[in-house]
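Reading the structure
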Amino acid sequence: MKFLLPLLPAVAGAFSITHLSQHPSLRMHQSLSTSLYSSSSSTSQRPRRPTPDRIRNTQNFKEAKELSQKFITDFQQLQKVGSGEPKRVAIFGGGLSGLSCAKYLSDAGHIPTLYEARGVLGGKVSAWQDEDGDTVETGLHIFFGAYPNIHNLFDGLKIQDRLQWAPHRMTFAMQELPGQFTTFEFPAGVPAPLNMAAAILGNTEMLTLEEKIKMVPGLLPMLLEGQSFIDEQDELSVLQFMRKYGMPERINEEIFIAMGKALDFIDPDLLSMTVVLTAMNRFINEADGSQTAFLDGNPPERLCQPMKESIEKKGEK
């Protein structure tokens, strides 16, 4: 495996193959915010919450694990019977997608070469140190329980202990009360989708009961029909979907604007409802899907470096 860093600034990142997420809605990067971490943050003495057990029991997690393993074993089986030749593969872009692509290719026995325009790996999760030794990141990076591929990747690298899990709640800034926040608390041990229902009904500060009820006609088909209904909404923006199903405008102001910015960096009038529904479907149907975790340090050191070492180790064999 080769890492060629400052070579192709014009095309780096343009053709990398994504493996970490099956849909763009399952990657949240708030790139407009900058977070500062002390250089000693990774050695924090705060007790770590374990990875929620139910994450590995979801169908999405099991399918992701099976597909990743199948990619490796299928080629290895071909090699055993003498009909599989390792491929030399060029990967442009050293972000998480490019690195994960290189990792799984090298795991299978292929020979990837990764091209990155800058002198640092990580892409959207890259970081650098300032003059004071503090790590400056390119944004706030969180990991949802509903990220089956990323958790399989962490398991494969044996670095799950680097994820610091937050309590299972969703916190929103209250638009009508600047500076105040409200939370949706998910009760522990309650299965999906009942835990989401309890969290929504238990919050009386953000939406009225009437507004919550008016969300049901649009969301019920998602629960009953699943991904087929979700895919059919791709021609509708979030605002068009809301108006079609009679949702109050305040739901857009309180929820969908925040979701649109977080999921794809754009406003609800430009965002496909399929993106939002895909995320919501995972959150509703996976008990720990909306629980979030943070790395215990900066991503280049705590995530990208183990990936790089894994790829280089395979290349030595």
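Residues numbered from 1 in each chain as written. Predicted model: local features only at pLDDT ≥ 70, side-chain atom pairs only at ≥ 80, totals over all residues. Heavy atoms only, no water.

Observations concerning the side chain of N298
Basically, it comes down to this: Helix and strand assignments come from DSSP, with helices taken as H or I runs of at least 4 residues and strands as E runs of at least 2, each series counted from the N terminus. Residue exposure (1.4 Å probe, protein chains only): buried if accessible area is under 20% of the type maximum, exposed if over 50%, otherwise partly exposed. For this analysis, a polar contact is any N or O atom pair within 3.5 Å, provided that within protein one partner can donate a hydrogen and the other can accept it, and provided that sequence-adjacent residues contribute only side-chain to side-chain pairs. Note on definitions: a residue-residue contact is assigned when non-hydrogen atoms from the two residues lie within 4.5 Å.
Tracing the chain through its elements places N298 in the loop between β13 (292–295) and α10 (299–315). Assessed through its relative accessible area of 8%, N298 is described here as buried. In this structure the side chain of N298 is engaged in a polar contact, spanning 3.0 Å, whose partner is the backbone nitrogen of E301. Each residue touching N298, except ones within four places of it in the same chain, is listed here: A127, T135 and E137.

Let's talk about helix α3 (residues 148–157)
The buried count for α3 comes to eight of ten residues, which makes it a mostly enclosed element. Of the residues making up α3, those classed as buried are P148, N149, I150, H151, N152, L153, F154 and L157. After α3 finishes, the residue K158 shows a positive phi value of roughly 60°.

Side note on the confidence of the model for the protein
Selection criterion: Every residue gets a pLDDT, meaning the predictor's confidence in that residue, from 0 to 100.
Here the protein averages 84 in pLDDT, and 85% of its residues register 70 or above. Ignoring residues within four places in sequence, the model shows residues 6–44, a span with pLDDT below 50, making 101 contacts including any to other chains.

What to know about the pairing of strand β4 (residues 88–92)
What counts is decided by this rule: By this definition, two strands are paired if DSSP reports at least two bridges between them. With the strands pointing away from the viewer, any crossover whose connection runs clockwise from the first strand over the helix to the second is right-handed.
Inspection of the sheet shows β4 paired to strand β5 (residues 111–115) by five bridges, in the parallel sense. Across the sheet, the residue bridging to F92 is Y115, located in β5. Viewed along the sheet, the connection from β4 through helix α2 (residues 96–108) into β5 turns out right-handed.

So, the layout of surface pockets
Let me state the cut-off plainly: A pocket, in this scheme, is an open set of points on a 1 Å grid over the protein atoms alone with protein on both sides within 12 Å along at least 5 of 7 lines, while a cavity is a set where a 1.4 Å probe fits but cannot get out; residues line either one if an atom lies within 4 Å of a point. Grid points are joined across faces, edges and corners, and a volume is the space filled by probe spheres set on the points. For this classification, Asp, Glu, Lys and Arg are treated as charged, while Ala, Val, Leu, Ile, Met, Phe, Trp, Tyr, Cys and Pro are nonpolar and the rest, including Gly, are polar.
There is about 1,400 Å³ of room inside the largest pocket. In terms of lining, the largest pocket is formed by 48 residues, of which the most central are M170, F172, F184, I255 and M259. Of all the secondary-structure elements, those providing two or more residues to the lining of the largest pocket are β11 (169–173), β12 (181–185), α4 (194–202), α5 (209–225), α8 (249–264), α9 (273–285) and β13. Considering each element in turn, the lining of the largest pocket owes the most residues, ten residues, to α8. Residue classes in the lining of the largest pocket are distributed as 38 nonpolar, five polar and five charged.

Notes on the sheet that holds strand β9 (residues 143–144)
One open sheet holds the three strands; their spatial order is β9-β13-β10, and the pairing between them is antiparallel. At either end of the open sheet lies a strand with only one pairing partner, and these are β9 and β10 (163–165). Note: β9 against β13, two bridges, orientation antiparallel. Among the inter-strand pairings, F144 is bridged to a residue of β13, identified as T292.

Things to note about the nonpolar core
Soluble globular proteins tend to bury their nonpolar side chains together. Here is the rule: By nonpolar core we mean a set of buried residues, namely Ala, Val, Leu, Ile, Met, Phe, Trp, Tyr and Cys, connected to one another through side-chain atoms within 4.5 Å.
F143, F154, F256, V276, L277 and L303 are the most contacted members of the largest nonpolar core, which totals 64 residues. By residue number, the principal contributor to this core is α9, which donates eight residues. Once residues within four sequence positions are removed from consideration, F256 is found in contact with V238, M242, M247, I251, P268, M273, V276 and M280.

Observations regarding the packing of aromatic side chains
Put simply, the rule is: Note on aromatic contacts: the rings of Phe and Tyr and the six-membered ring of Trp form a pair at centre separations within 6.5 Å, being stacked when their planes are under 30 degrees apart, edge-to-face when over 60 apart, and tilted otherwise. Should the NZ of a Lys or the CZ of an Arg lie within 6 Å of a ring centre and within 35 degrees of the ring normal, that charge is described as sitting over the ring.
One pass over the full model with this rule turns up seven aromatic pairs. Here the aromatic rings of F229 and F241 are separated by 6.5 Å at their centres, their planes lie at 70°, and the arrangement is edge-to-face. Here F229 is found in helix α6 (residues 227–232), whereas its partner F241 is found in helix α7 (residues 238–244), with twelve residues between them in sequence. In this structure, F229 and F241 share a single accessibility class: buried. Members of the aromatic cluster, joined through ring pairs, are F144, Y147 and F283. Sitting over the face of the ring of Y104, K103 holds its NZ or CZ atom 4.7 Å from the ring centroid.

Points about the pattern of salt bridges
Condition: Just to be clear on terms, a salt bridge is a Lys or Arg side-chain nitrogen sitting within 4 Å of an Asp or Glu carboxyl oxygen.
In the structure shown here, the tally under the stated rule is 13 salt bridges. Between R250 and E176 there is a salt bridge whose closest N-O contact spans 3.5 Å. A residue pair is termed long-range when its members are at least 10 positions apart, and R250 in helix α8 and E176 in the loop between β11 and β12 qualify at 74 residues. Judged by its relative accessible area of 56%, E176 falls in the exposed class. One salt bridge connects E211 with R250, and the closest N-O pair in it is separated by 2.8 Å. Of this pair, E211 sits in helix α5 while R250 sits in helix α8, and the two are 39 residues apart along the sequence.

Quick notes on α9
Test applied: What a helix is expected to span follows from its residue count: subtract one and scale by 1.5 Å.
In this model α9 runs 18 Å from its N-terminal to its C-terminal C-alpha over 13 residues, within 8% of the 18 Å that 1.5 Å per residue would give. The buried count for α9 comes to twelve of 13 residues, which makes it a mostly enclosed element. When we look at burial in α9, the residues that qualify are M273, T274, V275, V276, L277, T278, A279, M280, N281, R282, F283 and I284. Capping of α9 at its N-terminal end is provided by S272; its side-chain oxygen lies 3.1 Å from the backbone amide nitrogen of T274.

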